[in-house]
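# Structural overview for review
Given next are the chains, with one letter for each unit.
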Amino acid sequence: MSREEAVALTGLLTLFLVTAAWWALAFWPVPDGPAWLERTRYVCFGVTASGLPDGGGWVGLIAAPLGMLAMLLAGWWSGVRRLARRARSSRLLSGVFAVLGLGTALIVLGAATRVQQARALTTVPELAGGLPPETYPRLDRPSPPLALLAHDGIARSLEDFRGRAVLVTFAYAHCETVCPLVVKHVLAAQQTLGAAGERPVVLIVTLDPWRDTPSRLPAMAESWGLPEADAWVLGGAVADVEAALDAWEVPRSRDLVTGEVTHPSLTWIIDAAGRMAYASTGGADAIASLVRRL
């Protein structure tokens, strides 16, 4: 193998390894990873509510490898061409090219799977007219664990409310846009159902445990107008809250500079057996309608 061919082969291998690491950083963040790693992801790719790269991030993910490949072909075209010819008669080189091709396909397939999972998680049918249609899908799957400290200082678990319907949603104190509306909707649904003799429990899990510390939870409950019974704000240690949010697969993105959290308005409706029955992005009437279907 000539020096030019060796340089071309080294370049191809390096390009593959760099691209694999680049895409892994974008699509598979390390749970509970260090702050610098999350900051790197945010700077390199941006983050949407689903946890996926934003538009600029996608451009970088695709353009950077293609640009490096173009530079390799422009600078060592002769070596790449000779390498391809040699691979026709060399099992070792043909095997290397096959591994590179298979590895590239696996990277793309893995990224596509991650995108589909994120879309499935964040895409809930829109409720025309404010009410879900009769065909609205029932999930009927086990609920993840949920055990955190409530605003009254008592540890609360989803298991504590077995036998009752539970509305689980997510918000944080500094949010001035979607969060107050989400809380208003679940509380209004609770009140509507209570007037008809069925009062579900409301659990609001903080999305910002860094600022929504246990000592601040009572003020949050008061600010949101939570009733004295059957509604709690849940929080606790950062690691515990983040573990709970991950278990519930809550899509979110936290700005490490401002602390603001980007997230969808999503309410899980849990049946008396503790199973996830429905997911809703609708208002109070939609939530109440789904609870009546349990």
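Residues numbered from 1 in each chain as written. Predicted model: local features only at pLDDT ≥ 70, side-chain atom pairs only at ≥ 80, totals over all residues. Heavy atoms only, no water.

## Topic: the packing of aromatic side chains
The test is simple: When two rings of Phe, Tyr or Trp (its six-membered ring) have centres within 6.5 Å they constitute a pair, described as stacked for plane angles under 30 degrees, edge-to-face for angles over 60, and tilted for the intermediate range. Strands here mean DSSP runs of E at least two residues long; helices mean DSSP runs of H or I at least four residues long; both are numbered from the N terminus. The buried label goes to any residue with under 20% of its type's maximum accessible area, the exposed label to any with over 50%, and the partly exposed label to all in between, with areas taken from a 1.4 Å probe on protein chains only. Criterion for a charge above a ring: Arg CZ or Lys NZ at most 6 Å from the ring centre, at most 35 degrees from the ring normal.
Per the counting criterion, the structure on display carries four aromatic pairs. Ring centres of Y136 and Y278 lie 6.2 Å apart, and the angle between their planes is 40°; this geometry places the pair in the tilted category. Here the residue Y136 occupies a position in the loop between α5 (91-122) and β1 (141-142), and Y278 occupies one in strand β10 (residues 275-280), the gap between them amounting to 142 residues. For Y278, a relative accessible area of 5% puts it in the buried group. Grouping aromatic residues by their ring pairs yields a cluster made of F170, W248 and W268. Seen from the ring of W210, R254 lies directly overhead, with NZ or CZ sitting 4.0 Å from the centre.

## Observations regarding the layout of surface pockets
Counted only if it meets this: Cavities and pockets are defined on a 1 Å grid built over the protein atoms alone: a cavity is a set of grid points where a 1.4 Å probe fits but cannot escape, while a pocket is an open set with protein on both sides within 12 Å along at least five of seven lines, and lining residues are those with an atom within 4 Å of any such point. Grid points are joined across faces, edges and corners, and a volume is the space filled by probe spheres set on the points. Three classes are used, and their members are as follows: Ala, Val, Leu, Ile, Met, Phe, Trp, Tyr, Cys and Pro are nonpolar, Asp, Glu, Lys and Arg are charged, and the others, Gly among them, are polar.
There is about 360 Å³ of room inside the second largest pocket. L15, F16, T19, P65 and T104 are, among the 14 residues lining the second largest pocket, the residues nearest its centre. Secondary-structure elements contributing two or more residues to the lining of the second largest pocket are α1 (3-27), α3 (55-75) and α5. A per-class count over the lining of the second largest pocket returns 12 nonpolar, two polar and no charged.

## Section: the sheet that holds strand β9 (residues 267-270)
The line we're drawing: Between any two strands, at least two bridges found by DSSP are needed for them to pair. Any two residues having at least one pair of non-hydrogen atoms within 4.5 Å are treated as being in contact. What counts as an axis is a line fitted to C-alpha atoms, over the stretch in contact for a helix, and the angles between N-to-C directions run from 0 to 180 degrees.
Here we have eight strands laid out as an open sheet, ordered β1-β10-β9-β4-β5-β6-β2-β3, and mixed in their pairing. If you trace the sheet from one side to the other, it starts and ends with β1 and β3 (155-157), each paired once. Inspection of the sheet shows strand β2 (residues 147-150) paired to β3 by three bridges, in the antiparallel sense. Bridge pairing in β3 links L148 to R156. Strands in contact with helix α6 (residues 178-195) are β4 (166-171), β5 (201-206), β6 (231-235) and β9; relative to β4, the strand with the most contacts, it is inclined by about 165°. Here helix α7 (residues 217-224) sits on the sheet and contacts β2, β4, β5 and β6; the angle it forms with β6, its principal contact strand, is near 140°.

## Concerning the nonpolar core
How we decide: In plain words, nonpolar cores are sets of buried Ala, Val, Leu, Ile, Met, Phe, Trp, Tyr and Cys residues tied together by side-chain atoms within 4.5 Å.
In terms of nonpolar packing, the biggest core is built from 54 residues, with L146, V168, F170, L203, L226, W248 and W268 touching the most fellow members. Apart from residues no more than four positions distant in its own chain, L226 is found in contact with H151, V183, L187, I204, A221, A231, W232 and V233. In terms of nonpolar packing, the next biggest core, distinct from the first, is built from 10 residues, F27, F45, L52 and I107 among them.

Interpretation in functional terms is not warranted from these geometric data alone.
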